[in-house]
Amino acid sequence: MGVLNDVARAAKSIVKGHMVTLREIFKPPMTIRYPDEKPEQPKGSRGMPVLKVNAETGELNCTACGLCARSCPPGCIEVIEETDANGKRMRRPLAYNLDMGKCMVCNLCIEACPFDALEMAANFEISVYDPENLVFNKDQLATIWKNYDAVRIAGGEKL
Amino acid sequence: MPGWLIDFLWVVVKVTLVIAFVGVNFIFMVWLERKLSAKMQARIGPNRVGPHGSLQLIADALKLFSKEDIKPAMADPKVWALAPVVMFAPALLVFYVLPVGPNAVIGTDLNVGLLYLAAVSSFTLVGIFMAGWGSNSKYSLLGAMRAGAALMAYEIPLVLSILTVAMLAGTLSVQGIVQAQVDRGYYFVFPGIVAFIIYFICVMAELGRGPFDLVEAEHELVMGYQTEYSGMRWGIMLMAEYTNQFTAAAIAAMLFLGGWDGPFLPGWLWLVIKAYALVMVMMWVRWTLPRVRIDQLLDLSWKFLLPVSLLNLVVVAIFLV
Amino acid sequence: MADQIERSIGAGVQVIEDAETMEEALRRAHLEEQAGERRRMLVNFGPQHPSTHGVLRVLLTLEGETVIDAQPDIGYLHRNWEKIVEGWTYAMVVPFSDRNDYLAAICNEQAVVGAVERLMGIEVPERGQFLRVLVFELQRLTSHLIWFGTFAMDMGATTAFLHAFRERERCYSLFEEITGARLLYNYLRIGGLRNDVPDSWLKKLEQFLDDFEKEAYPSYWDLVINNEIFRVRTKGIGVITPEQAIAYGASGPVLRGSGIRWDLRKVDPFLPYDQFEFDIPVGTNGDAYDRAIVRMKEMMESVKIIRQVMKRLPDGPVMAKLPRALRPPKGQVYNRVESPRGEVGVYLISDGGTGPYRIKWRSPCFTHLMLLPVMARGHLVADLVTCIGSIDIVLGEVDR
């Protein structure tokens, strides 16, 4: 009778497995129809770092100190400070290039910045046909900051 | 019009209808499989090409046609090229004896219809061997050998189970079996429930479906005997597999579920409905169960299905006939 | 060395064969093939293959369908991790360590962060430690979900893979809320965590755990683990005896599946695990089925631990007060954690600078891969896939 027991147990396990898939047919699907439906991104979701624009002056907060570039593990930030005709440092970036092809979105640059100039936007749709276009300059970064609700830290909590 | 010309035209019409049906069936069944499996997996399935993705297969077929016809070097070209055709032919041949109404059979009602069915459906094995051998690749050969061993093992319980039905009905002709069910008022699935289950398992193994798809197990040796086929050649093999699925389900519907019997709707529609119900059960089983190994497959056949089907034959012979 | 091992665990230690290079293995197989043993085939399995879980190449010597030898060939995902981090600060090393075992990122971060904290004697505040336990166990749950999905898919049950990922998607959303990222978090910092979690998140976590325990988890048992075909395909496959497991240095579920009750969370707690009640599931036969059962039961143990943490979570800061630039004293430390795959170890040599002088990463999957020839000998090719799947291998960790 051991054989019959085994057969009964085997049959029961197979039937139970089928009930699981049958129940699953009547549940709603998990897929979303991208790009018609976009995924729900919580506040603070990491897409790409962007440069913050001061609301009153309309200028970037960035003073081109270079701390973000030094703290970036893949080294994807390039900052060049602007100097005027006499060579005096203007504490403004002449060029700020962020290579999204190398960026691993680790958030360290945003935490390193002491001037509240960098924030993390949730924009992940940055696909381009030419990888050279993945290098964002400061104007592009400021525009993206204006269009997206960027935050310093996930959940909006203070460090 | 001379008589032979009318007959000839009639044959042409029937063949065209069958081929058209096979084509539409293929499109519908692939769509059904993809949608059903998606529903079971919390997905949506094809949903962009056509309403609810119904025209997805047209896009896939166009893609297959546009692929480069890669012929592997050192292959036996004639054998390799003929293999998909040999696999597809038996699928069409089964339609010859399908009854679609009380007095209508697509071809002729052979009085050895069951024997014809068993013989023709085991011809797919030759096609698989040709595919594996002609490709001259280690993977394909391994896959073909495994498929051959499995298919041969499952022929015997299959034939024994349909023999049970023949015993119950008293005739080998397919139309006769359906008629017997209609006359007696009950479908053969009730006295022959064990035979039905055995037939179902055997036919899923023959088709290489469900838990027995090791002959084309993508996770093991790439695609087995289908590795060296691309483009429309592979499309034909796929079509052969799906058409065989339909015919196997149709045979089960006729032998066990009464074929074209049913109120209100025309006979051929009932046959199609019953066949598709069984096809959906086959798909349900395929997407639920994991795969069995080759030695477990052979164990199941020789050590379990064969004795059970023999026992079933004896029991039916003694008690019911 | 062999007699030391023999004395410590008793007789029956299998002599480990001399290491063979890939060229020697190939040459031997070709000679065997030519010398009349025509039934032996040398087959290349991978690196592009749907079921090797990454870029792993296995050189199989087959006789018919039986595996005579299975030599793994690794290095396809080598990214030079240990050398690159020699020039970086500790803050940079932490997100980079995520990428080793990318399916259980928090465990890697804990290994690195814990090493530095031990070297500097930093005390993490209690809320930070409890939250670390919480995310660590949540990571264990998600990693075992992936193992379950891919293992079932290797067997042929594709549906189970998608069911597992449905739960994992919810975990991704949970992690995205507190850290901002779905897979690679950079959440642990030296001295604590990056940010605290709001109470609303804890409620969502509880909702997820309730749904998981009530519906999803029993359905995994019904659909796959109790299924007769699955049992037949994994019982008796890939047997590792306890002596072999210890001799080859196995850890985690591979070791526990062979019957040895060894879990770093109980033996050498790297986080306050001694304050929580949980069991360690242990197998008996050391086959793939037992390892599967161990991992399934560990999923439930993780849920238990997370619930206990949520109930007893104290208030307070999550980050210790530390200077911006950390300079640990000169010294060496070895920190180990119990990741879902086994013992992940970080051997850190500090020369007093802001970054590591040398980090050596002890990867459990690297060690387990050495058991593959032992496990697969004598089985069929289909069982080789089972064996690789039951190690729960992640090539990012093997190759670094």
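Residues numbered from 1 in each chain as written. Chains lettered and ligands numbered in written order. Predicted model: local features only at pLDDT ≥ 70, side-chain atom pairs only at ≥ 80, totals over all residues. Heavy atoms only, no water.

A. Summary view of the overall build of chain B. Secondary structure summary: chain B contains eleven helices and zero strands in total. Along chain B, from the amino end to the carboxyl end, the secondary structure elements read α-α-α-α-α-α-α-α-α-α-α. Relative to a compact globule of 321 residues, whose C-alpha radius of gyration would be 20 Å, chain B shows 20 Å and is just as compact. The dimensions of chain B, computed from C-alpha atoms along their principal axes, are 55 × 55 × 45 Å. (Helix = DSSP H or I, 4+ residues; strand = E, 2+ residues; numbered from the N terminus. Rg over C-alpha atoms; globule rule 2.2 N^0.38 Å.)

B. Spatial organisation of the pairing of strand β3 (residues 89-99) of chain A. Residue and element names in this part refer to chain A. Strand direction decides the pairing type here: strand β2 (residues 77-83) and β3, joined by six bridges, are antiparallel. For T83, the partnering residue across the bridge sits in β3 and is R89. A loop of five residues connects β2 with β3, the two strands running antiparallel in sequence, and G87 in this loop sits at a positive phi of about 90°. The sheet contact formed by β3 and strand β5 (residues 135-136) spans two bridges and is antiparallel. Bridged to L98 within β5 is F136. (Pairing = 2+ DSSP bridges.)

C. A look at the environment of W201 of chain C. Residue and element names in this part refer to chain C. Relative to the elements of secondary structure, W201 occurs in helix α8 (residues 199-225). The sequence separation of W201 and F175 amounts to 26 residues, and the corresponding C-alpha distance is 9.6 Å. Beyond its immediate sequence surroundings of up to four residues, W201 is in contact with L134, L174, E177 and I178. Only 2.8 Å separates the side chain of W201 from the backbone oxygen of L174, close enough to count as a polar contact. (Contact = heavy atoms within 4.5 Å. Polar contact = N/O pair within 3.5 Å; in protein donor to acceptor, adjacent residues only side chain to side chain.)

D. View of the interface of chain B and chain A. In this complex, chain B contributes 15 residues to the contact, which on the side of chain A involves 16 residues. Overall, the association of chain B and chain A removes approximately 1300 Å² of surface from exposure, summing both partners, and the carbon and sulfur fraction of that is 64%. Considering only the side of chain B, the residues that lose the most area to chain A are A42, I44 and W284 of chain B, jointly responsible for 38% of the buried surface there. Put simply, chain B and chain A have one salt bridge between them. When the shortest N-O distance is used, the salt bridge between R48 of chain B and D36 of chain A registers 3.2 Å. Counting the contacts that link chain B with chain A gives seven residue pairs in polar contact (both at pLDDT 80 or more). Looking at the side of chain B that touches chain A, the elements with two or more residues in it are α1 (3-40) and α10 (267-286) of chain B. (Buried area = accessible area lost by both parts, 1.4 Å probe. Salt bridge = Lys/Arg side-chain N within 4 Å of Asp/Glu carboxyl O.)

E. Seen up close, the interface of chain A and chain C. Taken together, the 32 residues of chain A in the interface contact 34 residues of chain C. Buried surface at the junction of chain A and chain C, both sides included, amounts to about 2600 Å², of which 54% is carbon and sulfur. Summed over the three residues of chain A that lose the most area to chain C, namely M30, R46 and M104 of chain A, the buried surface amounts to 21% of that side. Of the charged contacts in the structure, one is a salt bridge between E111 of chain A and R189 of chain C, with a shortest N-O distance of 2.5 Å. Every element with two or more residues in the side of chain A that touches chain C is listed here: α1 (2-25), α2 (67-71) and α3 (108-112) of chain A. In terms of residue count, α1 of chain A provides more of the side of chain A that touches chain C than any other element does, nine residues in total. Class assignment for the residues of the side of chain A that touches chain C results in 14 nonpolar, nine polar and nine charged. (Nonpolar A, V, L, I, M, F, W, Y, C, P; charged D, E, K, R; others polar.)

F. The layout of surface pockets, seen in detail. Considered as a void within the structure, the largest pocket measures approximately 1400 Å³ in volume. In terms of lining, the largest pocket is formed by 36 residues, of which the most central are A11 and I14 of chain A together with I201, L300 and F304 of chain B. Listing elements by their share of the lining of the largest pocket, those giving two or more residues are α1 of chain A, α8 (193-207), α10 and α11 (294-319) of chain B together with α9 (228-234) of chain C. (1 Å grid on protein atoms, 1.4 Å probe; cavity = no way out; pocket = protein on both sides within 12 Å on 5 of 7 lines; lining within 4 Å. Points joined across faces, edges and corners; volume = space filled by probe spheres on them.)

G. Local environment of the side chain of Q296 of chain B. Mapped onto the elements of the fold, Q296 of chain B is located in helix α11. When near neighbours in sequence (up to four residues on either side) are disregarded, Q296 of chain B contacts V232 and R233 of chain C.

H. Highlighting the pairing of strand β8 (residues 358-362) of chain C. Residue and element names in this part refer to chain C. Burial of β8 is one-sided: the residues I359 and W361 facing one way are buried, the residues R358, K360 and R362 facing the other way are not. When strand β7 (residues 342-350) meets β8, the two strands line up antiparallel, connected through five bridges. What sits directly across from I349, in β8, is R358. (Buried < 20%, exposed > 50% of the residue type's maximum accessible area, 1.4 Å probe, protein only.)

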